[in-house]
Amino acid sequence: MEALAHVNYWAAIALAMIGLYAIIAPSNLIKKLIGLGMFQSAIFLIYITAGKVEGGTAPIIDAAYEVYSNPLPHVLILTAIVVAVSTLAVGLALTVAIKRAYGTVEEDEIVEQDRR
Amino acid sequence: MDAQAQGPRAIDLYVDILLIVLLVAAALVVVSLRNLLAAALVLGIYSLVMAALWVVLDAVDVAFTEAAVGAGVTTVFMVLAIAATGRHARVTHRRPWLPILASLAVGGLLIYGTLDLPDFGDPQAPAQQHVAPHYLGQGEAETGVPNIVTAVLASYRGFDTLGEVTVIFTAGMGVLLLLGVARRRRMDARDDE
Amino acid sequence: MMFLAATAALVVTVLLALVRAFLGPTVYDRVLGVNTIGTMTVLLIAAVGFLMGRPEFLDIALVYALINFIGTVAVLRYIKRGRAQDAGEAP
Amino acid sequence: MIATHLPALQVALPLIAAPLCILLRRDRYAWAFTTLVCWGLLAVAALLLDRVMSEGPISYRLGGWAPPIGIEYRLDGVNAFVLLILAGTAALMMPYARQSVEREVAPERRHLFYAMFLLALTGLLGIVATGDAFNVYVFLEISSLASYVLIAQGRRRQALAASFQYLILGTIGASLILVGIGFLYAKTGTLNIADLGVRVHALGEAPAILAAFAFITVGVLIKLALFPFHVWLPNAYAYAPSMVSAFLAATATKVGAYLLLRFVFTVFGAPFAFGTLPLKEILLSLSLVAVLAGSLAAVFQTDLKRLLAFSSIGQIGYLGVGIGLASVTGVTGALVHVFNHALMKGGLFLAAGTIAYRLGTTDLSALNGLGRRMPFTMAAVVIGGLGLVGVPVTSGFVSKWYLVQGAFEEGLWPAALFVLLGSLIALAYVGRLVEAAYFRAAPADAEPVREAPWAMQLSTWALIAGSLYFGLHTELTVGIAERAAAALLGAP
Amino acid sequence: MTEHLVLRVISKLLVPPILLFALYVQMHGDYGPGGGFQAGVIFGAGLILYGLVFGAQAVQSVAPMRLLVTLACLGLLLYAGVGIASMIGGGSFLEYGALSADATHGNHVGIIIIEIGVGIAVASVMTIIFCVLAEWR
Amino acid sequence: MRHALSLFAVLYGLWLALSGHYTPFLLAIGAVCAAFAVAVAVRMDVVDREGHPIHLGYRVPLYWGWLAVQILVSSVRVSRIVLSPRPAIDPVLETVPASQRSDLGRVIFANSITLTPGTLSTSVEAHGVEVHALTRRGMEELKSGDMDRRVSAVEGEP
Amino acid sequence: MILDILSWISIGVGIFFVMAGGLGLIRLPDLFTRLHAASVADTAGAGFMLLGFMLQAGLSLVTLKLVLILVFLVFTTPTAAHALAHAALLGGVRPWTRKPKDPAP
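Everything quoted here is computed from the prediction, not taken from an experiment.

Q: In this structure, what is going on with the side chain of A:His74? I would like to understand it.
A: Among the secondary structure elements, A:His74 is positioned in helix H3 (residues 71-102). The residues contacting A:His74, other than those within four sequence positions of it, are A:Ile48, A:Pro59, B:Leu57, B:Asp58, B:Ala59, B:Val62 and B:Val149.

Written out as structure tokens, the structure is:
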């Protein structure tokens with residue numbers, strides 16, 4: 001059991017690495033945004049894991065429970081999720097505008113067109 | 001609840017691990033899919049599994065948001081944008097050493113950092129000690145709201161939430177400015193050819 | 001214990017559906033996989049809610065049941081519109 | 001009564017003004033309203049700086065909750081000074097905005113443009129004013145999102161691609177900062193910056209703190225656009241609308257420098273960052289490369305705005321040098337340079353915008369003979385350029401003087417040498433501008449150009465004149481910066 | 001897609017309960033998971049479902065873009081306005097306790113009002129983004 | 001108007017079912033919220049016989065009971081096919097006649113077909129429903145018209 | 001006690017159907033046949049599982065919400081499946097038949 005004490009962090013690390021790779025490697029702008037979403041949620045996992053208390057329950061006060069998980073990371077991540085979706089919306093709108101201006105959403109082709 | 005009697009710790013952990021396996025599987029699928037629409041759909045699944053994981057980790061408000069946002073509207077927006085830009089990503093993996101290097105660097109640093117973090121669920125962890133007990137202990141009395149997440153969100157850290165609303169407002173107006181109102185004339189776009 | 005079994009079964013089913021979403025071959029198969037995962041996750045969240053001993057959080061499952069439907073409708077609408085240029089993918 | 005609420009108003013005012021601006025709808029009203037708000041902000045910032053200087057740090061409790069529980073605004077010399085720079089440049093640029101925006105932005109979207117500008121300003125002010133680490137992230141994202149949108153408003157399509165690139169890099173940077181804050185929180189249980197400082201110090205060299213430090217530093221460096229994280233900057237500044245280039249060049253990277261100062265000195269502490277970790281070596285070498293590479297790249301540009309953008313990369317290097325020296329003199333130099341560079345680069349980008357307003361291009365070949373055709377604007381360009389070089393009498397000289405002095409104090413004479421070398425290279429690119437404007441004849445078929453409208457001249461010259469004034473009267477800026485730097489470093 | 005009979009009928013059936021559910025989430029954020037943001041998203045999702053089935057134009061005829069933009073502004077202003085009101089009430093910015101003689105009660109009232117502001121802003125922004133992206137050709 | 005009022009009643013009932021907190025404030029705000037939802041729905045023009053079919057009345061629960069049994073039976077059947085080593089499937093795509101007079105009735109019929117594992121409606125036309133069935137036997141059962149008659153009975157007068 | 005056993009049985013049946021549906025999703029040859037399998041998991045599987053949960057929860061608000069979820073699923077899953085099949089047919093996906101050589105009926 002003790003060996004698994006950090007399993008959530010390992011998952012978060014794996015997801016962050018996958019996400020970062022998915023941001024930088026592909027040429028397609030939408031795939032980059034998808035990678036960005038995964039990268040951000042990996043970070044959320046680190047926060048929420050840090051807020052979990054053993055045997056605790058959701059931080060909604062009720063006479064039946066005594067141990068609650070830490071509410072602060074939840075609040076921070078709620079805000080961060082909103083930020084993530086806002087960034088995504090702006091990114092998608094930019095992508096659509098780029099498609100209109102360049103006729104493509106592949107980074108390589110955009111760079112190529114700008115060089116000409 | 002007979003499940004409780006058998007030791008919540010063990011059950012939490014089993015479910016947690018099951019979900020994490022799913023999560024990583026979904027992430028790998030997203031990265032390997034070339035069809036953008038499919039990738040967007042599986043990204044929705046990834047969010048959704050994340051939402052289930054949040055429930056296990058007691059973050060029900062976050063789970064609620066993730067289910068509504070990550071798996072819902074995000075997917076819809078993605079699909080709409082893909083509809084406007086085309087469904088297939090080109091197969092170009094240029095200079096693969098840079099992304100691999102970057103993700104290895106970040107991954108390595110994360111491993112280094114997280115090894116030092118308190119164990120999963122440790123009630124003695126510093127994060128659980130300093131300000132959190134105040135919220136849990138005084139929150140309901142001070143704000144009259146039993147859901148401490150709401151109390152912290154709206155009152156103790158109300159200014160963060162004002163910022164959050166401003167972010168989403170910025171995004172809305174930004175999208176409007178980028179695509180909305182009248183069609184933008186890009187006369188200069190021709191000159192560049 | 002039954003809840004744990006249910007959770008495990010649901011996770012396995014989600015994995016199977018994920019395989020389907022990954023393999024395709026048509027985009028409709030992927031939508032089907034994703035849609036099934038959606039329903040399974042609604043159950044999963046409900047089961048986990050019971051498992052954690054606080055089943056009053058079923059609102060999340062309810063939200064997801066609704067959101068899943070909207071997502072599917074969105075995708076199908078897009079496929080309909082985008083049919084002209086790229087219909088079904090080659091299997 | 002209102003005096004006690006000044007810190008909150010500093011950020012809340014533009015935040016409230018942005019939606020009002022959209023509700024006004026008519027673009028002239030929106031402009032007038034934005035101008036009013038910006039000047040109001042300048043007044044607030046001036047009052048705050050005055051109070052901080054006379055009474056010491058101010059703490060303001062948002063929501064009325066005591067600091068580690070709630071969010072606190074904590075103003076000391078450093079952030080009051082940076083707030084003044086932000087509000088000042090915004091206010092001085094507003095007269096310029098009306099005509100420039102009318103030329104570059106479609107009528108039906110102008111009110112949205114001004115609202116977005118106010119939101120960007122809100123974000124930047126919020127980052128600087130806050131005393132809470134997570135609040136920094138939230139306001140960082142407000143300013144970033146607004147900046148992405150504003151940059152994308154450029155008339156050429158490259159603006160869109162540049163904005164997207166910035167969005168990706170900026171979001172990665174912000175996410176890294178978020179990870180860092182998460183680690184800090186997991187180890188200390190607090191988010192308040194002052195509280196963090198105390199608790200992080202008590203923890204010593206824990207690996208998680210080291211990782212947090214690395215993540216936050218890299219994240220901030222991306223926002224600061226220090227070499228090698230500068231890739232987003234040239235295109236973003238070159239293709240954004242004139243107004244936006246000028247505003248962002250004058251403010252956004254300065255806020256990055258502020259964040260670096262704040263995290264390195266207040267949260268982690270100089271002994272940790274420079275003693276335990278080799279931040280000094282890393283930061284100095286990166287910054288010196290930035291100075292040389294940025295300036296050299298500027299020499300070979302064929303477009304005025306791109307030239308200025310690359311010169312910014314070099315100038316950011318100077319900020320890095322000052323922070324990397326980690327001495328009172330060095331940090332003073334960096335802070336003074338933040339101020340001076342905001343004035344000079346803001347003025348230069350405004351002048352470039354004026355040229356674009358009249359000529360429709362900022363290509364260097366179009367500048368030929370412009371010294372006679374647009375004498376005031378070109379004079380502004382030359383004076384600003386000399387400031388970048390660091391010629392005595394201009395304010396650029398003052399900051400470089402402190403940097404060189406700081407380098408010698410630390411016995412790092414190669415650093416001093418590089419700073420001087422950077423100035424020489426700057427002389428080369430400014431020389432190109434002078435040559436084109438004054439020593440080349442205008443093409444024979446050139447259409448007649450008039451000097452720019454007076455309102456645009458006013459803003460440009462206000463900034464340039466400011467940079468001259470503060471080159472001669474250094475006691476104000478240097479005085480404030482020295483006290484702020486001493487407070488940051490914890491020196492008596 | 002209006003010609004798609006099953007989808008049309010079922011959507012007509014589902015949209016009102018979705019809207020009500022959003023309002024329920026809005027008002028019960030104090031007691032259970034949820035709150036203004038989630039409610040706004042769900043309300044937006046209801047409108048999005050309507051828009052997906054009947055077309056974005058139909059959403060525009062229910063809630064014209066001008067109205068949506070105004071609502072987004074008003075939502076943000078409502079939130080910030082509570083902050084200003086608590087300043088006038090003698091507290092600091094966003095100190096809802098100053099809104100009422102009893103600090104706890106004031107806090108509760110303040111939380112409800114700002115959550116409504118959040119909900120309005122988020123719902124309208126979600127709908128705006130949907131309409132803009134969907135109407136793009 | 002009748003539909004709007006009844007929708008209000010249904011939504012308020014839904015509110016009470018969801019809420020679980022019966023303070024005067026929440027009861028009052030519930031009424032306001034239900035009224036607001038109804039107002040938006042009316043503005044969307046979704047409150048009519050299709051969108052809010054109150055006229056079906058008590059017949060629906062009875063029909064659902066019958067349908068549940070059907071679902072159970074055919075689920076077992078399909079599960080057996082799926083789990084058998086060599087799935088004995090013989091898919092067919094045919095049109096089944098539908099006797100319902102309203103769109104709503106046809107939608108109920110089509111969805112009932114889809115809900116029952118083994119049969120799947122793919123298109124609703126004026127006088128029939130195109131159905132894909134996993135086995136020929138499933139199709140024959142559907143064609144016998146039992147479900148069609150029951151749905152028509154539920155639908156009542158158009 | 002009886003309720004407990006009933007609910008366990010119900011959940012067990014639900015597990016069976018869910019797994020069968022999932023297997024069918026992998027094993028069956030084409031989109032339409034897989035849709036049938038998915039509908040086993042979506043309707044029977046979900047129904048029994050939710051029924052089991054309801055029996056666990058007893059007569060309370062939780063049960064009411066589970067009923068709501070069930071009703072919601074009953075409305076949405078067939079609609080989604082129908083829309084999917086409709087779109088697939090329009091999109092040119094031909095159903096698999098016993099003798100693949102023959103054209104679809």
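Q: How do you make sense of the sheet that holds strand E1 (residues 92-97) of chain F when you look at a structure like this?
A: Backbone-to-backbone hydrogen bonds pair the strands of a sheet. The strands run either parallel or antiparallel. With respect to topology, three strands assemble into an open sheet ordered E1-E3-E2 (chain F), the strand pairing being antiparallel. At either end of the open sheet lies a strand with only one pairing partner, and these are E1 and strand E2 (119-124) of chain F. Ignoring which end each strand starts from, the neighbouring axes of this sheet average 30 degrees apart. Looking at chain direction, E2(F) and strand E3 (residues 128-133) of chain F are connected through five bridges and run antiparallel. Bridge assignment links F:Leu120 to a residue of E3(F), and that residue is F:His132. Packing of helix H5 (residues 136-143) of chain F onto the sheet brings it into contact with E1, E2 and E3 of chain F, and relative to E1(F) it is tilted by some 5 degrees. Contacts from helix H3 (residues 61-90) of chain G reach E1, E2 and E3 of chain F within the one sheet, and its direction differs from that of E2(F) by about 65 degrees.

Q: Hey, could you run me through helix H2 (residues 29-51) of chain A in this one?
A: Residue pairs three or four apart in sequence face the same way in an α-helix, which turns once every 3.6 residues. Residues and elements named next belong to chain A. Helix length check: H2 (23 residues) gives 34 Å between terminal C-alpha atoms against 33 Å at 1.5 Å per residue, within 8%. Of all 23 residues that make up H2, 22 are buried, and the element is covered over most of its length. Between a side-chain oxygen at the N-terminus of H2 and the backbone nitrogen of Ile30 the separation is 2.8 Å; the capping residue is Asn28.

Q: What is the right way to look at the pairing of E3(F) in this model?
A: It is a general feature of regular strands that their side chains alternate between the two faces of the sheet. All names here are of chain F. Across the six residues of E3, six count as buried, placing the element largely inside the fold. Of the two faces of E3, the one carrying Gly128, Glu130 and His132 and the one carrying Val129, Val131 and Ala133 are both buried. Pairing between E1 and E3: six bridges, direction antiparallel. From the neighbouring strand, Leu93 faces E3, where its bridge partner is His132. Counting the residues that bridge the hairpin from E2 to E3 gives three residues.

Q: So what exactly am I meant to see when it comes to the interface of chain A and chain B here?
A: The parts lose accessible area when they come together, and the size of an interface is often stated as this lost area. Contacts between the two partners involve 79 residues from chain A, matched on the other side by 89 residues from chain B. With both sides pooled, the region where chain A packs onto chain B buries about 7900 Å², and carbon together with sulfur makes up 73% of that total. Viewed at the interface, chain B and chain A are joined by one salt bridge. Note that B:Asp58 and A:Lys52 form a salt bridge whose closest N and O atoms lie 3.0 Å from each other. For the interface between chain A and chain B, the tally reads 14 residue pairs in polar contact (both at pLDDT 80 or more). For the side of chain A that touches chain B, the elements supplying multiple residues, two or more each, are helix H1 (7-24), H2, H3 and helix H4 (107-115) of chain A. The leading source of residues in the side of chain A that touches chain B is H3(A), at 25 residues. Taken together, the residues of the side of chain A that touches chain B sort by class into 52 nonpolar, 15 polar and 12 charged.

Q: Honestly, helix H16 (residues 375-389) of chain D in this entry has me stumped. Any pointers?
A: Residues and elements named next belong to chain D. Given a rise of 1.5 Å per residue, 15 residues ought to cover 21 Å, and the 21 Å separating the end C-alpha atoms of H16 matches this to within 8%. All of the buried residues along H16 are Thr377, Met378, Ala380, Val381, Val382, Gly384, Gly385, Gly387, Leu388 and Val389. Taken together, the buried residues of H16 touch helix H13 (304-325), helix H14 (328-359), helix H15 (370-373), helix H17 (395-409), helix H18 (413-439) and helix H19 (454-472). After H16 finishes, the residue Gly390 shows a positive phi value of roughly 95 degrees.

Q: Whenever I open this one, the environment of D:Leu286 confuses me. Can you help?
A: Residue and element names in this part refer to chain D. Note on placement: Leu286 falls in helix H12 (residues 279-299). Considering only alpha carbons, one finds Leu286 and Phe227, 59 residues apart in sequence, at a separation of 6.1 Å. Aside from chain neighbours lying at most four places away, what touches Leu286 is Leu221, Leu226, Phe227 and Pro228.

Q: Looking at this model, I keep getting lost on the packing of helix H8 (residues 148-156) of chain B against helix H5 (residues 103-135) of chain E. Mind explaining?
A: To describe two helices that pack against each other, one gives the angle between their axes and the distance between the axes. Relative to each other, H8(B) and H5(E) sit at 85 degrees, their axes nearing to 10 Å. Regarding the angle of H8(B) to H5(E), the classification is roughly perpendicular. Residue-level contacts link B:Thr150, B:Ala151, B:Leu153, B:Ala154 and B:Ser155 of H8(B) to E:Asn107, E:Ile111, E:Ile114 and E:Glu115 of H5(E). Classifying every residue of the contact of H8(B) with H5(E) by side-chain character gives five nonpolar, three polar and one charged.

Q: How should the interface of chain A and chain E be read in this particular structure?
A: Taken together, the six residues of chain A in the interface contact eight residues of chain E. Roughly 680 Å² of surface becomes buried between chain A and chain E when both sides are summed, with 85% attributable to carbon and sulfur atoms. Where chain A meets chain E, there are zero salt bridges. Linking chain A to chain E there are zero residue pairs in polar contact (both at pLDDT 80 or more).

Q: Quick question: what am I supposed to make of the packing of aromatic side chains here?
A: Each aromatic ring pair is described using two quantities: the centre-to-centre distance and the angle formed by the ring planes. One pass over the full model with this rule turns up 31 aromatic pairs over all chains. Here C:Phe50 and G:Phe53 contribute two aromatic rings whose centre-to-centre distance is 5.2 Å and whose plane-to-plane angle is 35 degrees, an arrangement assigned as tilted. Of this pair, C:Phe50 sits in helix H2 (residues 27-51) while G:Phe53 sits in helix H2 (residues 31-57), each in a different chain. In this pair, the class of C:Phe50 matches that of G:Phe53, namely buried.

Q: Got a minute to help me understand the environment of G:His86 in this structure?
A: Relative to the elements of secondary structure, G:His86 occurs in helix H3. Contact partners of G:His86, with chain neighbours within four places excluded, come to E:His4, F:Thr122 and F:Ser123.

Definitions and limits used
Residues numbered from 1 in each chain as written. Chains lettered and ligands numbered in written order. Predicted model: local features only at pLDDT ≥ 70, side-chain atom pairs only at ≥ 80, totals over all residues. Heavy atoms only, no water. Helix = DSSP H or I, 4+ residues; strand = E, 2+ residues; numbered from the N terminus. Contact = heavy atoms within 4.5 Å. Pairing = 2+ DSSP bridges. Axes fitted to C-alpha atoms, helices over the stretch in contact; angles between N-to-C directions. Expected span 1.5 Å × (residues − 1). Buried < 20%, exposed > 50% of the residue type's maximum accessible area, 1.4 Å probe, protein only. Polar contact = N/O pair within 3.5 Å; in protein donor to acceptor, adjacent residues only side chain to side chain. Buried area = accessible area lost by both parts, 1.4 Å probe. Salt bridge = Lys/Arg side-chain N within 4 Å of Asp/Glu carboxyl O. Nonpolar A, V, L, I, M, F, W, Y, C, P; charged D, E, K, R; others polar. Parallel < 35°, antiparallel > 145°, perpendicular 65-115°, else oblique. Phe/Tyr/Trp six-rings, centres within 6.5 Å; stacked < 30°, edge-to-face > 60°.

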